[in-house]
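Fold and contact review
Spelled out, the chains give:
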Amino acid sequence: SVWVVGLDDSASQSLFELGDTATEPIALVLGAEGSGLSRLVRERCDVLVSIPMQGRLSSLNVSAAAALACYEVTRRRVV
């Protein structure tokens, strides 16, 4: 089976806390810039994660968020 992992600013779990889930087959789901994931999409995700932000930035654009999420998943798989 495939884990559906949604990136959402309001998620309590960090992208970097995915742990072993990152080594399983996953589908990353990202929302539109600004509005993010819709309520129905969030409800269908198995896991919601956020990208922790520091400093003046409050969020990344969707292409930067996708690149970071793909990098983190790949980093977890390469040992």
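Look above for the structure.
For the structure given in this document, a descriptive report is provided here. (Residues numbered from 1 in each chain as written. Predicted model: local features only at pLDDT ≥ 70, side-chain atom pairs only at ≥ 80, totals over all residues. Heavy atoms only, no water.)

**Quick notes on the environment of threonine 21**
Among the secondary structure elements, threonine 21 is positioned in the loop between strand 2 (13-14) and strand 3 (26-29). As a C-alpha pair, threonine 21 and tryptophan 3 span 18 residues in sequence and 7.6 Å in three-dimensional space. Not counting chain neighbours up to four residues away, the residues in contact with threonine 21 comprise Trp3 and Ile26. (Helix = DSSP H or I, 4+ residues; strand = E, 2+ residues; numbered from the N terminus. Contact = heavy atoms within 4.5 Å.)

**Here's the deal with the pairing of strand 4 (residues 47-50)**
Both strand 1 (residues 3-7) and strand 4 contribute to a ladder of three bridges, which runs parallel. Residue pairing for strand 4: leucine 7 is matched across the bridge by valine 49. Here strand 2 pairs with strand 4 via two bridges, running parallel. Bridge pairing in strand 4 links glutamine 13 to valine 49. (Pairing = 2+ DSSP bridges.)

These figures capture arrangement, not role.
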